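# Structure at a glance
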Amino acid sequence: MPARIVFPILVVAFLVNSAITQKCPASGRSESSIFGWMLRGHVYDTLLAELPFTCVFKCREDNRCQSFNWVISLLTCEFNNRTKEARPEDFIKNPERSYYPRDLKRVPLGSIQELPAATCDEIKRSEGQAVSGKYWFSTIKSGTSVLAYCNMKTTDIDECSASSPVCDINANCFNTRGSYYCTCKAGYTGDGKTCQDIDECSASSAVCDDNANCFNTRGSYYCTCKAGFTGDGRNCQDVDECTAGTHDCHTSATCANTKGSFTCSCNPGYTGDGKTCSIANCDCWRSRSRSPSSGWGYSTDPSGSGNVDAIDFQTNGDVILSGYRLWGVSSGSTSFQVTIRLYRGSNLIAEKTGSYATSSSVKTFEVHFSQVISIRAGATYTATARIVTSARSFAHTDGVASASCSGVTVTFKTSSKNSNGSSRSQGQIPALIFRSSQC
């Protein structure tokens, strides 16, 4: 620029420098423009201006403006977001510039988001005096202005108090003098800045009981005992469903507890899977061929005591007796009036009377006591049948001395209670009916 132009500008600059010299009310120190000096490295905007007054007014309008450099040779304002007090190391001589502090209502450094500080020291130097509290900083997170607590006594920034977390959301933050560190919370792994959930359920060492199911959750897990066990999942004990009454065995079945479960088995005299049991009637034949060979006659007097067919028997094991199978009418069809009885020695144990339809095409019919009877091994029992009819029935002549039935051996003998011709080898009552799971 020609000297004849530069000289008037310098004169004007000197006058402006004198005009804007001021007293800072906050710090009490004198603030004035300084010719031949500049603040380096803190320019955030520029403006062409023939006189520095223009720069003064523009600076007042922007909260970021802390000071400006006026470039005399270029008639340009360089607006700074720092003062020379904040950054004395960057305040240097420059013959082409003048340094101007903001003259009115300068916004304190770090007090607004648009004007973040770098350190607590910088705030103290900039403001002369400052109290501990929250300030905006640009150094906690790169490219982001963050609000955090500053201890002006120690000049330490508490990064853990930052408005934008410095650690992972699943980490704990620990402030230290001049720094901080992060550690992932229990249930997470990582460097603290980034934390990933730990799947405890897939860990090499079991976290739940062997008899429990493990369910992973974010940052944790939980255990639940498997069906058939009780507890908190870390410790599970077997549930005895049989004692607790929580089984679903049939009423005619026996419950047996197992680890984590139970089994059901139908009682003697019943058949099924234990959860469903039904009566199993098993014929114990004393007729070898199970086929009739001749007719058999009876009394027609319902009040008479004669015409009783009887057979004695013993078993070598306990068994359940339900009734008797009797030979039916030998020709056509009719109904028989029947009374069956069971004796143990001379004692009458059970009796049943009724009218029963019979047909020669079927050959036999069943008569059951009202309740099943337990037959004890080694005891002598007598089965009797008194039939009142004018018809003749089938009979057998191939009676056996013993038979294997329902897991026991049954021995048959002629009975002294017989009064109708039946014996071990012939007559009525071709089979006893047992209830058993094995016929």
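Just so it is clear, the model here is predicted, and its values are computed rather than measured.

It is worth spelling out the sheet that holds strand E27 (residues 333-344) at this point. Within a beta sheet, neighbouring strands are joined by backbone hydrogen bonds and run either parallel or antiparallel to one another. Taken together, the six strands give an open sheet; going across it, the order is E28-E27-E30-E25-E33-E32, and neighbouring strands pair in antiparallel fashion. Of all strands in the sheet, those bounded by a partner on one side alone are strand E28 (347-359) and strand E32 (402-405). Across the sheet, the mean angle separating the axes of adjacent strands is 25° when strand polarity is ignored. With four bridges joining them, E32 and strand E33 (residues 408-414) adopt antiparallel strand pairing. Bridge pairing in E33 links Cys405 to Val408.

Bridge count between strand E8 (residues 133-141) and strand E9 (residues 144-151): six bridges; the pairing is antiparallel. Paired with Gly133 across the bridge in E9 is Cys150. The loop that links E8 with its antiparallel partner E9 comprises two residues; one of these, Gly143, has a positive phi angle of about 75°. Both E9 and strand E10 (residues 156-158) contribute to a ladder of three bridges, which runs antiparallel. Residue pairing in the sheet places Cys150 in a bridge with Ile157 of E10. Counting the residues that bridge the hairpin from E9 to E10 gives four residues, and of these Thr155 lies at a positive phi of roughly 55°.

By the burial criterion, the buried members of helix H2 (residues 52-61) are Pro52, Cys55, Val56 and Cys59. The buried residues of H2 occupy an angular sector of 105° when the element is viewed end-on, so they sit on one face.

Let us look at the state of the cysteines. Under the definition given, this model contains 13 disulfides. Paired by a disulfide, Cys249 and Cys264 hold their sulfur atoms 1.9 Å apart. Handedness here is read from the sign of the S-S torsion; for Cys249 and Cys264, about -75°, the answer is left-handed. Within this pair, whereas Cys249 is found in the loop between helix H4 (241-244) and strand E19 (253-258), its partner Cys264 is found in strand E20 (residues 261-266), the two being separated by 15 residues in sequence. Of the two residues, Cys249 and Cys264, both sit in the buried class.

Counting 36 residues, the largest nonpolar core has Phe313, Tyr324, Leu326, Val338, Leu342, Phe412 and Leu432 as its most contacted members. Among residues more than four places away in sequence, those in contact with Phe313 are Leu342, Ile375, Ala379, Thr380, Tyr381, Ala383, Val410, Thr411, Phe412 and Leu432. By size, the runner-up hydrophobic cluster in this structure holds 25 residues, among which are Ile112, Ala117, Ala148 and Cys195.

In this section: the environment of Gly378. By the element assignment, Gly378 lies in the loop between strand E29 (364-375) and strand E30 (381-388). Between the C-alpha atoms of Gly378 and Leu342, which are 36 residues apart in sequence, the distance is 16 Å. With residues up to four places along the chain from it excluded, the contact list for Gly378 reads Gln314 and Thr315.

Now for the sheet that holds strand E7 (residues 91-101). Across the sheet, which stays open at both edges, the five strands sit in the order E3-E7-E5-E6-E4 with antiparallel pairing between neighbours. Looking at which strands have only one partner, the edges of the open sheet turn out to be strand E3 (34-39) and strand E4 (43-48). Pairs of neighbouring strands in the sheet enclose a mean axial angle of 45°, with direction left out of account. Pairing of E4 with strand E6 (residues 76-80) involves five bridges; the strand directions are antiparallel. Paired with Val43 across the strands is Asn80, a residue of E6.

Our next topic: helix H3 (residues 120-127). Among the residues making up H3, those that are buried are Cys120, Glu122, Ile123, Ser126 and Glu127. Looking straight down H3, one finds its buried side chains confined to an arc of 160°; they lie on one side. Where the residues of H3 are buried, they touch E8, E9 and E10. A distance of 3.5 Å separates the backbone nitrogen of Asp121 from a side-chain oxygen at the start of H3, and that oxygen is part of Thr119. Following H3 by one or two positions, Gly128 adopts a phi angle in the positive range, close to 85°.

Within the element layout of this structure, Asp248 appears in the loop between H4 and E19. For Asp248, a relative accessible area of 42% puts it in the partly exposed group. Residues Asp248 and Phe229, spaced 19 residues apart in sequence, show a C-alpha to C-alpha distance of 16 Å. With near-sequence residues (within four places) excluded, Asp248 lies in contact with Phe262 and Lys275.

With that out of the way, let us pick up the packing of aromatic side chains. For the structure on display, the rule yields 13 aromatic pairs. Judged by centre distance (4.9 Å) and plane angle (20°), the rings of Trp37 and Phe91 are stacked. One end of the pair, Trp37, is in strand E3; the other, Phe91, is in strand E7, and 54 residues separate them in sequence. Overall, Trp37 belongs to the partly exposed group, its relative accessible area being 26%.

So, how was this worked out
- Residues numbered from 1 in each chain as written.
- Predicted model: local features only at pLDDT ≥ 70, side-chain atom pairs only at ≥ 80, totals over all residues.
- Heavy atoms only, no water.
- Pairing = 2+ DSSP bridges.
- Helix = DSSP H or I, 4+ residues; strand = E, 2+ residues; numbered from the N terminus.
- Axes fitted to C-alpha atoms, helices over the stretch in contact; angles between N-to-C directions.
- Buried < 20%, exposed > 50% of the residue type's maximum accessible area, 1.4 Å probe, protein only.
- Arc of directions from axis to C-beta.
- Disulfide = S-S within 2.5 Å.
- Core = buried A, V, L, I, M, F, W, Y, C linked by side-chain atoms within 4.5 Å.
- Contact = heavy atoms within 4.5 Å.
- Polar contact = N/O pair within 3.5 Å; in protein donor to acceptor, adjacent residues only side chain to side chain.
- Phe/Tyr/Trp six-rings, centres within 6.5 Å; stacked < 30°, edge-to-face > 60°.

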